[in-house]
Amino acid sequence: MTVSIPFDNSFAALPPAFFSRVTPTPVKHPKLRAFNGPLAQILRITATEAEDMARVFSGNTLPDGADPVAQLYAGHQFGNFNPQLGDGRAILLGEVTGTDGQRRDIQLKGSGPTPYSRMGDGRAWLGPVLREYVVSEAMAAMGVPTTRALAVVETGEPVYREAGALPGAVLTRVAASHLRVGTFQVFAARGQKAQLQRLTDYAIARHYPDAEGPMGLLRAACAAQARLIPQWMAVGFIHGVMNTDNAAISGETIDYGPCAFLDTYDAETVFSSIDRGGRYAYGNQPDIAVWNMAQLASALVGLMPDTDAAIAEATEIVHAMPEMIRSEWTRRFAAKIGIPTPRDGDAALVGDLLERMQSQRADFTNTFRALITGNARDQFTDPTAFDGWEPLWRARLEDENHALATMRAANPAVIPRNHRLEEMIAAAVAGDYGPFERLNAVLAHPFEDLTDARDLASPPAPHEVVAATFCGT
Ligand code: AMP
Ligand code: MG
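Residues numbered from 1 in each chain as written. Chains lettered and ligands numbered in written order. Predicted model: local features only at pLDDT ≥ 70, side-chain atom pairs only at ≥ 80, totals over all residues. Heavy atoms only, no water.

Engineer: Provide a residue-level description of the packing of helix α3 (residues 126-141) against helix α15 (residues 418-429), including the pertinent values.
Structural biologist: Between α3 and α15, whose axes approach to 10 Å, the crossing angle comes to 130°. Regarding the angle of α3 to α15, the classification is oblique. α3 and α15 meet at a crossing whose hand is right-handed. Taking contact as the criterion, the partners of Leu126, Gly127, Leu130, Arg131, Val134 and Val135 in α3 are, on α15, Asn418, Leu421, Glu422, Met424, Ile425, Ala428 and Val429. Looking at the contact of α3 with α15 residue by residue, the classes come out as nine nonpolar, two polar and two charged. (Axes fitted to C-alpha atoms, helices over the stretch in contact; angles between N-to-C directions. Helix = DSSP H or I, 4+ residues; strand = E, 2+ residues; numbered from the N terminus. Parallel < 35°, antiparallel > 145°, perpendicular 65-115°, else oblique. Left-handed = near helix turned anticlockwise from the far one by under 90°. Contact = heavy atoms within 4.5 Å. Nonpolar A, V, L, I, M, F, W, Y, C, P; charged D, E, K, R; others polar.)

Engineer: Which residues make up the packing of aromatic side chains, and what values go with them?
Structural biologist: The final tally for this structure, using the stated rule, is 21 aromatic pairs. Where Tyr282 meets Phe364, the ring centres are 6.4 Å apart and the plane angle is 65°; that geometry is what we call edge-to-face. Taken together, the residues span a long stretch of sequence, with Tyr282 in the loop between β14 (260-261) and α7 (285-301) and Phe364 in helix α11 (residues 364-373) at a distance of 82 residues. Given the relative accessible area of 2%, Tyr282 is considered buried. Here Trp389 and Trp393 contribute two aromatic rings whose centre-to-centre distance is 5.3 Å and whose plane-to-plane angle is 15°, an arrangement assigned as stacked. A relative accessible area of 0% means that Trp389 is categorised as buried. (Phe/Tyr/Trp six-rings, centres within 6.5 Å; stacked < 30°, edge-to-face > 60°. Buried < 20%, exposed > 50% of the residue type's maximum accessible area, 1.4 Å probe, protein only.)

Engineer: Any details on the site of ligand 1? Residues and values, ideally.
Structural biologist: Surrounding ligand 1, one finds 17 residues, the nearest of these being Gly86, Gly88, Arg118, Asp121 and Gly122. The backbone of Gly88 places a nitrogen or oxygen atom 2.6 Å from an oxygen atom of ligand 1. At a separation of 2.9 Å, a nitrogen atom of ligand 1 approaches a polar side-chain atom of Asp121. Out of a free accessible area of 480 Å², ligand 1 has 82% covered by protein chains. Of the residues that constitute the shell around ligand 1, the class distribution is two nonpolar, seven polar and eight charged. (Near = heavy atom within 4 Å. Polar contact = N/O pair within 3.5 Å; in protein donor to acceptor, adjacent residues only side chain to side chain. Areas by Shrake-Rupley, 256 points an atom, 1.4 Å probe, with all protein chains shown as cover.)

Here you go:
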């Protein structure tokens, strides 16, 4: 075996109430399609032979030290509580500690049914697997906290979705952990206090060793979400399914399903075909993050000896989130217009630009990037809309010495645009991984000026616009 993963598992050492021991279901013809060498290096994973890698990252062969489990969790899906979800098609192989000292989960997604699969087949098809690979790696390159992608293996077996038979694939995903709000909810809903306490202790030790008790954990997890969501907003990211089972305690972006990036700026943008009410629209994401953390608060107060005092404290913690999000949002967006340290009035200056962009349907990414080169007005159908804002901005920048460098580090030149992702998936399904590899290569350096990849920065032509991304994952 030429694949070595230095497992050091802690979750699987918890009591059995937290998971089910499972084994991945072997697939017919595993074929390695992607392997993230730089990430493997951080994880101290060594792998040389593609055939061995295909076996390991499909689940056909268990690497030494793996202790595969499916994790139990519950969750609010679109606001409705589902008392039991769990990893229906994901299997945690174990954990490794990287060269950076950080412990991370190694998880297979699409590796066959588990006791939590309900009616599902436990599988994933190639499209969403490649989408998650490209988007999560692009997010990482942009500095947004996120799970990472280590490998893609095609299974050589079809999976059946609404669209018919599609090529199956397994994604190997890497996360600070897969503990979610829903992991706490399942034990709270069942009144299993001992388990809830054990989980809380585990989460604190793993993620926030300085936090004190359940309220300390809540405070830290809320702060992490309050830092994360403005980073999504600042790169135009729409998660698509911000259910409580998709909200990680670590503050990483997790569970890329029908996610997408804004092309034209419109705060009401929704991509997910299953989000009919617009609950998870771009502009709603801050409110939903607060709502999700309120669910974590509800789960954790039950651990506190004095319920009234705990409710008061938890309420104070959750109610502090909107202001934290606002100030982090202001910091992120001020940087996008060249202001490293915002002061009063800067949020309004940004808001004014965004309103003009929204009314003109200007391209989000390209408008901000063009501020650097001074041709942002070309991004507006009626450039006078920009002319009304520019002098106010220029006047403000007279007080700033590092405006250009600040904007260069805050405004990506390229993002994984939806139409490019769809194109890439269609090519891969036809056997051509060129577009996948090209996207990964370019998106690894999102803040560099584009030379020969300008086409990847172009917004979709009218016929290329992707109106929805599908959850038929
Ligand atoms: P998601 O929308 O991907 O976060 O998934 C929500 C829940 O449905 C989780 O419990 C998943 O494990 C489960 N699930 C999604 N797709 C499948 C599938 N194809 N087979 C089994 N379970 C699935
Ligand atoms: Mg999920």
